[in-house]
Amino acid sequence: QQQVKQSPQSLIVQKGGISIINCAYENTAFDYFPWYQQFPGKGPALLIAIRPDVSEKKEGRFTISFNKSAKQFSLHIMDSQPGDSATYFCAASARGSARQLTFGSGTQLTVLP
Amino acid sequence: DGGITQSPKYLFRKEGQNVTLSCEQNLNHDAMYWYRQDPGQGLRLIYYSQIVNDFQKGDIAEGYSVSREKKESFPLTVTSAQKNPTAFYLCASQPRDRDSPLHFGNGTRLTVT
């Protein structure tokens, strides 16, 4: 119930291409879906987040698409750049006193120059 | 600059020894968290604390202990009971508003031989 499944585990994209990372969840109580970006040797940092009342959220080259009925959400990186090479984690949490995040297993993105 | 400081960045210990990882924040955040990161497994919650002198177990608390004597500090002790302690440990904090993002430190890589 608490698991968030993320795919693919690794992704290689050419510069200028579109990177797509997918996540699926089971817990229907989840109502907050952030994506975190992590560079080697650093802690993760919030990239973009969405709530289930909208189907899409865009911030610059980064877009989250959300499908509530399928319980899936995805991150799209348009015009991928070598500087986007990092590990990306999806996460989810449910409204409650602690609002603990459940993280996906991560996707290592490499953007080739 | 406000942020989370984890020290040391690299830590080496012999099997059977307890080791304490430091986490200090000057963001005035109420909640603090410890995550463990292993390749291909994402971030797993070890312990969290929402207020001083109070903390709760996360998903993988066995073999770990914490204290929260000050709002700014949330040290993690990896005990000899932890069967597989070698990992990357991340500390995070969050304001009282649970819809705010987690702020992560840059982690401590612990190697136990």
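Up top you'll find the structure we're talking about.
Participant: Which residues make up the interface of chain A and chain B, and what are the values?
Facilitator: By convention, interface size is frequently given as the accessible area that disappears when the constituent parts associate. If you look at the interface, chain A gives 20 residues, while chain B gives 20 residues. For the pair chain A and chain B, the summed buried surface comes to about 1,600 Å²; carbon and sulfur atoms form 51% of the total. The tally of links from chain A across to chain B stands at zero salt bridges. Applying the counting criterion to the chain A and chain B interface returns seven residue pairs in polar contact (both at pLDDT 80 or more). The leading source of residues in the side of chain A that touches chain B is strand β4 (residues 30-38) of chain A, at three residues. Looking at the side of chain A that touches chain B, its residues break down into eight nonpolar, eight polar and four charged.

Participant: Go over the sheet that holds strand β8 (residues 76-78) of chain B with me, naming the residues and quoting the values.
Facilitator: All names here are of chain B. If you trace the four strands from one edge of the open sheet to the other, you get β1-β3-β8-β7, paired in antiparallel fashion. Of all strands in the sheet, those bounded by a partner on one side alone are β1 (4-7) and β7 (64-66). Direction aside, the axes of adjacent strands within the sheet are offset by 20 degrees on average. Relative to β8, strand β3 (residues 19-25) runs antiparallel, the two being bridged by three bridges. Considered in β8, the bridge of Leu21 is made with Leu76.

Participant: Residue-level account of the sheet that holds strand β7 (residues 62-67) of chain A, with values.
Facilitator: All names here are of chain A. Taken in spatial order, the five strands line up as β1-β3-β8-β7-β6 in an open sheet, and their pairing is antiparallel. Strand pairing shows two members of the sheet lacking a second neighbour, β1 (4-7) and β6 (56-59), which therefore form its edges. Direction aside, neighbouring strands of the sheet carry axes that sit 15 degrees apart on average.

Participant: Now, about the pattern of salt bridges: what can you tell me, with residues and values included?
Facilitator: As enumerated under the stated definition, the model contains seven salt bridges over all chains in all. Between Lys57 of chain A and Glu59 of chain A there is a salt bridge, with the nearest N and O atoms lying 3.7 Å from each other. Put simply, Asp38 of chain B and Arg44 of chain B hold a salt bridge, and the shortest N to O gap is 2.8 Å. Owing to a relative accessible area of 11%, Asp38 of chain B belongs among the buried residues under this scheme. Among the charged side chains, a salt-bridge network with shared partners connects Asp30, Lys71 and Arg96 of chain B.

Participant: Give a description of the state of the cysteines that names residues and reports values.
Facilitator: For the structure on display, the rule yields two disulfides over all chains. At a sulfur-sulfur separation of 1.9 Å, the disulfide partner of Cys23 of chain A is Cys90 of chain A. Across the S-S bond linking Cys23 of chain A and Cys90 of chain A, the dihedral sits near -95 degrees, which makes this disulfide left-handed. Here the residue Cys23 of chain A occupies a position in strand β3 (residues 19-25), and Cys90 of chain A occupies one in strand β9 (residues 86-94), the gap between them amounting to 67 residues. As far as the burial class goes, Cys23 of chain A and Cys90 of chain A line up, both buried. Cys23 of chain B shares a disulfide with Cys91 of chain B; S-S distance 1.9 Å.

The rules we used
Residues numbered from 1 in each chain as written. Chains lettered and ligands numbered in written order. Predicted model: local features only at pLDDT ≥ 70, side-chain atom pairs only at ≥ 80, totals over all residues. Heavy atoms only, no water. Contact = heavy atoms within 4.5 Å. Buried area = accessible area lost by both parts, 1.4 Å probe. Salt bridge = Lys/Arg side-chain N within 4 Å of Asp/Glu carboxyl O. Polar contact = N/O pair within 3.5 Å; in protein donor to acceptor, adjacent residues only side chain to side chain. Helix = DSSP H or I, 4+ residues; strand = E, 2+ residues; numbered from the N terminus. Nonpolar A, V, L, I, M, F, W, Y, C, P; charged D, E, K, R; others polar. Pairing = 2+ DSSP bridges. Axes fitted to C-alpha atoms, helices over the stretch in contact; angles between N-to-C directions. Buried < 20%, exposed > 50% of the residue type's maximum accessible area, 1.4 Å probe, protein only. Disulfide = S-S within 2.5 Å.

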